[in-house]
Amino acid sequence: QVQLVESGGGLVQAGGSLRLSCVASGSIFSINAMGWYRQAPGRQRELVATITSGGSTNYADSVKGRFTISRDNAKNTVYLQMNSLKPEDTAVYYCNADLFRHGSNWPMNYWGQGTQVTVSS
């Protein structure tokens, strides 16, 4: 089995910072893209940022210049450094990974359980 476990969420004032982490564990052969998505109450889940195994990144326009995604391939871990947080960043943040399991010939997509980020004004 494969698990993605997020950590680092919490309550922060506007203008503050948080760092999210997500560790992938289990029978993993290799990980392609990893990313962060978020879902606010009453809204659809949306992309925040993604990063490929080679380090290429992609960001939602709403977080460009404020958030930074990075990964440690040796630790199967992806991070999201969030600076200059705004109340509209309040959401449940989900980790996502596209990976090959040992013995599998095709990639599969996995989600973490989510971590709450609340930004107060």
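Placed above this text is the structure.
Read on for an overview of the structure. (Residues numbered from 1 in each chain as written. Predicted model: local features only at pLDDT ≥ 70, side-chain atom pairs only at ≥ 80, totals over all residues. Heavy atoms only, no water.)

Looking at the state of the cysteines
Put plainly, two cysteines are in a disulfide when a covalent bond ties their sulfur atoms together. Our working rule: Pairs of cysteine sulfur atoms within 2.5 Å are identified as disulfides in what follows. Each helix is a run of DSSP H or I of at least 4 residues and each strand a run of E of at least 2, with the numbering of both proceeding from the N terminus.
A full pass over the atoms with the stated rule returns one disulfide. The disulfide partner of Cys-22 is Cys-95, and the gap between their sulfur atoms is 2.1 Å. Judged by the torsion about the S-S bond (-80°), the Cys-22/Cys-95 disulfide is left-handed. Of this pair, Cys-22 sits in strand E3 (residues 18-26) while Cys-95 sits in strand E9 (residues 91-101), and the two are 73 residues apart along the sequence.

Notes on the nonpolar core
How we decide: As used here, the term nonpolar core means buried Ala, Val, Leu, Ile, Met, Phe, Trp, Tyr and Cys residues forming a set that is joined through side-chain atoms within 4.5 Å. Exposure is judged per residue with a 1.4 Å probe applied to protein chains only, and the accessible area is read against the type maximum: over 50% gives exposed, under 20% gives buried, and values in between give partly exposed. What makes two residues a contact is simply this: any of their non-hydrogen atoms within 4.5 Å.
Membership of the largest hydrophobic core comes to 31 residues, with the highest contact counts inside it found for Trp-36, Leu-80, Met-82 and Tyr-93. At the level of secondary structure, the elements contributing two or more residues to this core comprise strand E1 (2-7), E3, strand E4 (28-39), strand E5 (46-51), strand E7 (67-72), strand E8 (77-82), E9 and strand E11 (115-120). Looking at this core element by element, the count peaks at five residues for E9. If sequence neighbours within four positions are ignored, Leu-80 has contacts with Leu-18, Arg-19, Leu-20, Trp-36, Val-48, Ala-49, Phe-67, Thr-68, Ile-69 and Tyr-93.

Here's the deal with the pattern of salt bridges
Put simply, the rule reads: By definition here, a salt bridge exists when the distance from a side-chain nitrogen of Lys or Arg to a carboxyl oxygen of Asp or Glu is within 4 Å.
Applying the stated criterion to the full structure yields four salt bridges. Linking Arg-38 and Glu-46 is a salt bridge whose minimum nitrogen-to-oxygen distance equals 2.7 Å. One salt bridge in this structure joins Asp-89 and Arg-66, with 2.7 Å as the shortest N-O distance. Here the residue Asp-89 occupies a position in the loop between E8 and E9, and Arg-66 occupies one in the loop between strand E6 (57-59) and E7, the gap between them amounting to 23 residues. Pair check on accessibility: Asp-89 and Arg-66 agree, each one buried. Each of the salt bridges in this network shares a partner with another, and the network as a whole consists of Arg-38, Glu-46, Arg-66 and Asp-89.

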